[in-house]
Number of protein chains: 2
Amino acid sequence: MRLIVADCTVNYRGRLDAHLPRAHRLIMIKADGCVAIHSDGGAYKPMNWMTSPNILVEEDDSLRVTNNDDELLEISIHCRISDTNYDFGDEPSLQKDGVEAHLQELLAINPQEIQEGLVLVKKEYYTDIGPVDLLCQDPTGEYVAVEIKRRGEIDGVEQLTRYLEFIGKDPDHSPVRGIFVAQIIKPQAKVLAESRGIAAIEVDYDHLRGLRRPQLSLF
Amino acid sequence: MRLIVADCTVNYRGRLDAHLPRAHRLIMIKADGCVAIHSDGGAYKPMNWMTSPNILVEEDDSLRVTNNDDELLEISIHCRISDTNYDFGDEPSLQKDGVEAHLQELLAINPQEIQEGLVLVKKEYYTDIGPVDLLCQDPTGEYVAVEIKRRGEIDGVEQLTRYLEFIGKDPDHSPVRGIFVAQIIKPQAKVLAESRGIAAIEVDYDHLRGLRRPQLSLF
DNA sequence: AGGTGTATGTCGCAT
DNA sequence: ATGCGACGTACACCT
């Protein structure tokens, strides 16, 4: 990783045009070639950048970065304050846990936690318009499309509505009803869902995590 | 801006749990207090971070960053390779051109560029479910809701559909039809829009920028 | 504080 | 390559 601290002016031309007037900034060039320009405030994200792959042409007083989408990042360096290079070696992989995927797994194993009697037919059921999180059947044999979110908002209801519209046209899986599942569901999303005949159900992640395997039926 | 290059281990606990095994990385602490941990590859964005405002507690061999949402970023420093601090002074503001807001302004001045005879009623017409980009009227007096995107995709059509549904219920602005405007509209979005009776119209930003004022009518 | 929309969103996965 | 959904999305702006 190369870190250049410099007094510089920056222009970007591509998906939009952007101009950074002259000031002191950090220019970060990573091993994969991506370039980012950070100011000292505002946000953790850079003010300007160019992702990899790209072509970097360096001169004494400038860096010109281009990619194959005709985007251009041009850095004029008025004064170089520092310019250091570090070898970081290998990066061991980042480990993450606890996102929607996990919630989906837990509910796939325990669909009865969504609604009494639900049985899983297919996890990640791929339709032409996108994947349905869980396709289930209820005790009457009716199909149930389940959309799972960490936080339930309006766009999730829209998404499930599209799936229901699509699956409803498929005679093999029709009739079908929808259930919108999330840890927390916003009032608007709840209203929209119910106005469309979609059940909105909140589930507790910690409770689900406690269930290692399907609950044994008492009957 | 403070830049620490160090051999470190990182843990984040909050909206998810994440763990970064021991390796060499850059720790960036900006003037506003936000903290970001960058590896040397992958992307311009940090592997882990904590936005401002937060509370940073520093010890010889660790940084502990917490915020008021009970999120925790914990950096154990095994070996400090460098630790430097820079004063960047003021950051003059970033200037951007070509974002949706500009497209919206240009079309608000020249609604006839969307469709012959359109007249602007209100820019950013706020409804209870969100702002409609442009509310216009056509020569017959019918209301026209215009949704503007840089790139036209399905979610934009959904958005406009919600607005139309809502405005349609308002006797003062009913009947209403919709127009979906973008520089480029994806085929699926075009199909979805037209299946809902919404016109999908592509406009040229550079052409619009050339029109400083409304075109004079020839008639 | 909460809701909604934008972003040079980025990223990953399936088709 | 394109389509689609998730993201610790972050962020600005309006009610």
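Everything discussed here concerns the structure shown above.
A quick note: this is a predicted structure, and the numbers were derived from the prediction, not measured.

Quick notes on the rules
Residues numbered from 1 in each chain as written. Chains lettered and ligands numbered in written order. Predicted model: local features only at pLDDT ≥ 70, side-chain atom pairs only at ≥ 80, totals over all residues. Heavy atoms only, no water. Contact = heavy atoms within 4.5 Å. Buried area = accessible area lost by both parts, 1.4 Å probe. Salt bridge = Lys/Arg side-chain N within 4 Å of Asp/Glu carboxyl O. Polar contact = N/O pair within 3.5 Å; in protein donor to acceptor, adjacent residues only side chain to side chain. Helix = DSSP H or I, 4+ residues; strand = E, 2+ residues; numbered from the N terminus. Least-squares fit on C-alpha atoms with pLDDT ≥ 70 in both. Near = heavy atom within 4 Å. Nonpolar A, V, L, I, M, F, W, Y, C, P; charged D, E, K, R; others polar. Buried < 20%, exposed > 50% of the residue type's maximum accessible area, 1.4 Å probe, protein only. Arc of directions from axis to C-beta.

Further remarks concern the interface of chain A and chain B. Each side of the interface is counted separately: chain A has 53 residues, and chain B has 54 residues. Looking at the side of chain A facing chain B, the largest losses of area belong to Asp40(A), Tyr44(A) and Phe88(A), adding up to 18% of the total buried there. At the junction of chain A and chain B, the tally comes to four salt bridges. Salt-bridge contacts for Arg25(B) lead to Glu91(A); the nearest nitrogen and oxygen are separated by 2.9 Å. Inspection of the region where chain A meets chain B yields 19 residue pairs in polar contact (both at pLDDT 80 or more). Of all the secondary structure elements, the ones that give two or more residues to the side of chain A that touches chain B are strand 1 (2-13), strand 2 (17-29), strand 3 (35-38), strand 4 (48-50), strand 7 (72-85), strand 8 (95-97) and helix 2 (154-168) of chain A.

Take chain A, turn it by 179 degrees, move it 0.3 Å along the axis, and it overlays chain B with an RMSD of 0.5 Å. Such a combination of turn and shift is consistent with a two-fold rotation axis. Taking the C-alpha atom as reference, chain A places Lys45(A) closest to the rotation axis, 3.2 Å from it. In this assembly the copies share their binding face: 98% of the residues contributing to the interface of chain A also contribute to that of chain B.

Here we take up the protein's contact with DNA strand D. Neighbouring residues of DNA strand D: 27 residues in total, closest Ala43(A), Lys149(A), Arg150(A), Trp49(B) and Gln188(B). In DNA strand D, atoms within 4 Å of the protein come from the sugar-phosphate backbone in 83% of cases. For DNA strand D, a phosphate oxygen lies 3.1 Å from a polar atom in the side chain of Tyr163(A). Contact distances for DNA strand D include 3.3 Å between a base nitrogen and a side-chain N or O atom of Tyr12(B). Of all elements in the fold, only strand 11 (143-152) and helix 2 of chain A together with strand 4 (48-50) of chain B reach the threshold of two or more residues within the surface near DNA strand D. Considering every element that reaches the surface near DNA strand D, the biggest residue donor is strand 11 of chain A, with four residues. Tallied by class, residues from the surface near DNA strand D come to twelve nonpolar, five polar and ten charged.

The immediate surroundings of DNA strand C are formed by 27 residues, with Tyr126(A), Ala43(B), Lys149(B), Arg150(B) and Tyr163(B) found nearest. The sugar-phosphate backbone supplies 85% of the atoms of DNA strand C found within 4 Å of the protein. Contact distances for DNA strand C include 3.1 Å between a phosphate oxygen and a side-chain N or O atom of Lys96(B). Glu100(B) is positioned such that a nitrogen or oxygen atom in its side chain is 2.9 Å from a phosphate oxygen of DNA strand C. Counting residues per element, the ones that place at least two in the surface near DNA strand C are strand 4 and helix 3 (187-195) of chain A together with strand 10 (130-137), strand 11 (143-152) and helix 2 (154-168) of chain B. Residues that form the surface near DNA strand C fall into these classes: 13 nonpolar, four polar and ten charged.

All names here are of chain B. Buried within helix 3 (residues 187-195) are the following residues: Ala189, Leu192 and Ala193. Within helix 3, the buried residues cover an arc of 100 degrees as seen down the axis, which keeps them to one side. Seen from the buried face of helix 3, the exposed residues on the opposite side, beyond 90 degrees, are Pro187, Val191 and Ser195. Each element contacted by the buried residues of helix 3 is listed here: strand 11, helix 2, strand 12 (176-185) and strand 13 (199-202). Residue Gly197 follows helix 3 closely and has a positive phi angle near 75 degrees.

In short, shape yes, function no, at least from these values alone.
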